[in-house]
Amino acid sequence: MKGTVKMSELVIKNLAASIDDREILKDVSLTVKGGEIHALMGPNGAGKSTLGYVLMGHPNYKVTGGSIKLNGVELINKTPEERARAGLFLAFQNPVTVQGVKLSTFIRTAYNQMHPGEKIPIQQFYDSMKQHMKKVGLDESFISRSINDGFSGGERKRFEILQMVMLKPKIVVLDEIDSGLDVDALKMVAEEIREFHNEETGFLIITHYQRILKDIEPEFVHVLMDGKMARDGNRDLSLRIEEEGYDWIRGV
Amino acid sequence: MEIDFKRDEEMEKLVQDLKSVKRSEFEFHDANKPVYSTGKGLTRETVEEISEIKKEPDWMRRLRLKALEIFMSKPVPTWGPDLSGIDWENTSYYNRPGESKTNNWEEVPDEIKETFQKLGVPEMEQKFLAGSVAQYDSEGVYHNLKKVWEDKGVVFMDLDSAVQKYPDLVKDYYCRAVPVTDNKFAALNGAVWSGGSFLYVPKGVQIDMPLQTYFRMNGEATGQFEHTIVVADEGSKVHYIEGCTAPRYDKNSLHSAIVEIYVKRNAKARYTSVQNWSKSVYNMPTKRAWVDENAQMEWVGGSLGSKITMLYPSSYLRGPYASASNLNIALAGAGTFKDTGAKALHLAPHTTSRIVAKSISIEDGKAIYRGLLRMNKGAVHSKSKVQCDALLINDESSSFTYPHDEIYEPTATFSHEASVGRIGTEELTYLRSRGLSEDEASSMIVLGFLDDVMKEIPMEFAVEMNRLIKLEMGKLGAVG
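Residues numbered from 1 in each chain as written. Chains lettered and ligands numbered in written order. Predicted model: local features only at pLDDT ≥ 70, side-chain atom pairs only at ≥ 80, totals over all residues. Heavy atoms only, no water.

### Comments concerning helix 8 (residues 235-244) of chain A
Residues and elements named next belong to chain A.
Logical step 1: Those residues of helix 8 that fall on the buried side of the exposure criterion are R235, L237, S238 and I241. Each buried residue of helix 8 lies within a common arc of 165° when the element is viewed along its axis, so the set occupies one face. The outward face of helix 8, more than 90 degrees from its buried face, is lined by the exposed residues D236 and E243.
Logical step 2: Structurally, helix 8 contributes buried residues whose contacts are with strand 3 (37-41), helix 7 (211-215), strand 11 (220-225), strand 12 (228-233) and helix 9 (247-250).
Logical step 3: A positive phi of about 75° marks G245, the residue just after helix 8. (Buried < 20%, exposed > 50% of the residue type's maximum accessible area, 1.4 Å probe, protein only. Helix = DSSP H or I, 4+ residues; strand = E, 2+ residues; numbered from the N terminus. Arc of directions from axis to C-beta. Contact = heavy atoms within 4.5 Å.)

Right, dumping it as structure tokens:
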């Protein structure tokens, strides 16, 4: 092992955020460290996806309280690109189409932004990209296509994972990465995530179902309800949710 | 599947280059006052006066007066954008910037020379051009043609000078492809035209470097009405470029040009124009080419600026195997309206046309493609391909296409393709969440959109387009 591993740490404290003056997140606290895998669960409308957008700095959401620190640096007033360069990555639940921007140029430009100073020769970069495309199950020909242009729901998800492994972020937020993927596709994606997972990188897996957690086992499980963190626990928590749903947490 | 590494590397470099391009300053204006102006408004006297000042032959004076009558009799067209903002009464139709014309930049009046230097015109001439004409408000102030081409019989000067020096040659072509009866704005041009270029390329002469005219409007509430004639005689080859800019004022200005291009048998002509008028200019030119047997006409047009532009460069394919290609890129910035397109008229057998129209609309900018495709009976086995791509940089904007086809020949074939892409907050946020700055995101989007036509457009055009889009997009993706 070379030198000391720089541990990443994302610390969310008492985060509150709204969209169009509607408060979605009320009080969210959570710490994700390098090497850890966290699952964030919760019923529909609990604010799970909002948390993803707010972490990434989506301009439609307004932070009304609390803090988001990555390795001690406050992110709240930072632009999405500054957050990305600091090592944060969000796999979008519904990634959009961006016509005219090729996958190849996009990922390479993004990589150069996130890892300035590393000059990887273009051929070597694309070779590695093609290998990972194979692993996530995207045909090589996609490399020359526009971002998500004509992609199926599953292909979009595979492309998110491809970006993750290529861009090598420090903290990864996966928003419903399992939706739209069939069993085999999910296996491939999970395998790629497991391979990418290392002691430097921390994961926050946002999911409605427990399905993906069978392939990627989280050490920490959190339940978000009505914009507040309702329960923190371990693997047992997600298993109980699978059997009983969320009502018992609500106290109904 | 192989990737074109070289192309990708070029693209990467371009994105980085575009990032460092500073805001260019086209919208400045200098203190030059015209030495002569016909004042506001348009009457028979104004037209007589212009003709008198120019000491024109009588035939031209009579043509002007006839055109004025036609102009007066035609209503303002209402089938397109709203033109009610044109202030006909308060526009000055003729503004003479200086006393003389010269072929030496040193002799150009200082303020005007500085303006063209700021725009980089003399520098470009030295580096890239076979010849250049510079027009300031109503008159050409400078023209020069490299001696090697002059010796081969090429004529390149402002049209006013050509009327004096080569009246017979001018008479052969003046208002033949575009008669003044064509439309109200062509008639207006016929009445008050001033400046524009006359380019004649003799038989068999192939000019390898482009020739350029740069049009600059400086005054407020003025009109520029140049008339340009390009003749590519049999077997010749020529590339003619036009660039246009103007300062921005509160009062609207009017630009109404005529461009006539004659491509004779086996000749090849390319006409590139990059229009970057300020947002106070109504831009209403009429451009048309006559393309003879086995000749090739290429239109490359960029409409970046202006308040309203209505422009449909037309190709009349008059001889067998004549061909025309029309590449038009329109940028409709906030508050502007681009009603642009192309016309291809297939009048002879085996003629081909290809039209590629790309438009980018930002905020409430409107971009419309309006085209005419006509295949006359007897234009056997003629072919046409029309492609319209629209990019909407906004969450709410939209674009429209109005293709109009008149096909009278059963053996003719044609196709239409259209695509619409949208870049709004979501798309920008997505790119930015991967570490791309707004600059890079917009550059990639623009370059990506123009990728298939990039090789055909001048580099400075892409740079300028990118700059304008960035300016407008800055308002869109701002993170609070």
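### Re the pairing of strand 16 (residues 296-303) of chain B
Residues and elements named next belong to chain B.
Logical step 1: Judged by how many residues are buried, strand 16 sits mostly within the fold: 7 of 8 residues are covered.
Logical step 2: Sheet topology places strand 13 (residues 268-276) next to strand 16; 8 bridges connect them, and they run parallel. Of the residues in strand 16, the one forming a bridge with A269 is M297. (Pairing = 2+ DSSP bridges.)

### A closer look at the environment of L311(B)
Logical step 1: Along the chain, the position of L311(B) falls in strand 17 (residues 308-311).
Logical step 2: For the pair L311(B) and T340(B), spaced 29 residues apart in sequence, the C-alpha to C-alpha distance is 4.8 Å.

### Let's talk about the environment of Y200(B)
Residues and elements named next belong to chain B.
Logical step 1: Note on placement: Y200 falls in strand 6 (residues 197-201).
Logical step 2: A C-alpha to C-alpha distance of 5.6 Å links Y200 and V154, two positions 46 residues apart in sequence.
Logical step 3: Residues within four places of Y200 in sequence aside, it is in contact with G153, V154, V155, L169, V231 and D233.
Logical step 4: At 2.5 Å, the side chain of Y200 forms a polar contact with the side chain of D233. (Polar contact = N/O pair within 3.5 Å; in protein donor to acceptor, adjacent residues only side chain to side chain.)

### Quick notes on the domain arrangement of chain B
Logical step 1: Under the domain assignment used here, chain B contains domain 1 (26-311) and domain 2 (432-480).
Logical step 2: Using only C-alpha atoms to locate each centre, domain 1 of chain B and domain 2 of chain B end up separated by 31 Å. (Domains from an automatic or database assignment.)

### Comments concerning the packing of helix 3 (residues 103-114) of chain A against helix 5 (residues 153-167) of chain A
Residues and elements named next belong to chain A.
Logical step 1: Put simply, helix 3 and helix 5 touch, their axes get as near as 10 Å, and they point 35° apart. Here helix 3 and helix 5 pass one another in a crossing that is right-handed. Contacts from L103, F106, I107, A110, Y111 and M114 of helix 3 reach helix 5 at F159, L162, Q163, M166 and L167.
Logical step 2: Of the residues contributing to the contact of helix 3 with helix 5, the split by class is 10 nonpolar, 1 polar and no charged. (Axes fitted to C-alpha atoms, helices over the stretch in contact; angles between N-to-C directions. Left-handed = near helix turned anticlockwise from the far one by under 90°. Nonpolar A, V, L, I, M, F, W, Y, C, P; charged D, E, K, R; others polar.)

### Section: unusual backbone geometry
All names here are of chain B.
Logical step 1: In the Ramachandran plot, N266 falls in the positive-phi region, its phi being about 60° despite a non-glycine side chain.
Logical step 2: Take N266: it is sitting in the loop between strand 12 (258-263) and strand 13.
Logical step 3: Positive phi values are uncommon outside glycine, yet H381 reaches one of about 55°.
Logical step 4: Among the secondary structure elements, H381 is positioned in the loop between strand 22 (366-375) and strand 23 (383-393).

### Re the sheet that holds strand 23 of chain B
All names here are of chain B.
Logical step 1: An order of 4-3-7-10-13-16-19-21-23-25 is seen for the 10 strands of this open sheet, with the pairing classed as mixed. Where the open sheet ends on each side, the last strands, each with one partner, are strand 4 (139-145) and strand 25 (413-422). For this sheet, the mean inter-axis angle between neighbouring strands, taken without regard to orientation, is 10°.
Logical step 2: Bridge count between strand 21 (residues 352-362) and strand 23: 11 bridges; the pairing is parallel. When the bridges of strand 23 are listed, I362 appears paired with I393.
Logical step 3: Relative to the sheet, helix 5 (residues 121-128) contacts strand 3 (131-136), strand 4 and strand 7 (211-216), its axis offset from that of strand 7 by approximately 175°.

### Concerning the interface of chain A and chain B
Logical step 1: Taken together, the 45 residues of chain A in the interface contact 33 residues of chain B.
Logical step 2: For the pair chain A and chain B, the two sides together bury roughly 3300 Å², of which 62% comes from carbon and sulfur.
Logical step 3: Run the count over chain A and chain B and you get 2 salt bridges.
Logical step 4: With its nearest N and O atoms 2.6 Å apart, the salt bridge here joins R432(B) to E81(A).
Logical step 5: One can count 10 residue pairs in polar contact (both at pLDDT 80 or more) joining chain A with chain B.
Logical step 6: Breaking the side of chain A that touches chain B down by element, the ones donating at least two residues are helix 2 (80-85), strand 6 (88-91), strand 7 (98-102), helix 3, helix 4 (122-136) and helix 5 of chain A.
Logical step 7: Among the elements that take part in the side of chain A that touches chain B, helix 3 of chain A stands out by supplying 9 residues, more than any other.
Logical step 8: A per-class count over the side of chain A that touches chain B returns 21 nonpolar, 17 polar and 7 charged. (Buried area = accessible area lost by both parts, 1.4 Å probe. Salt bridge = Lys/Arg side-chain N within 4 Å of Asp/Glu carboxyl O.)

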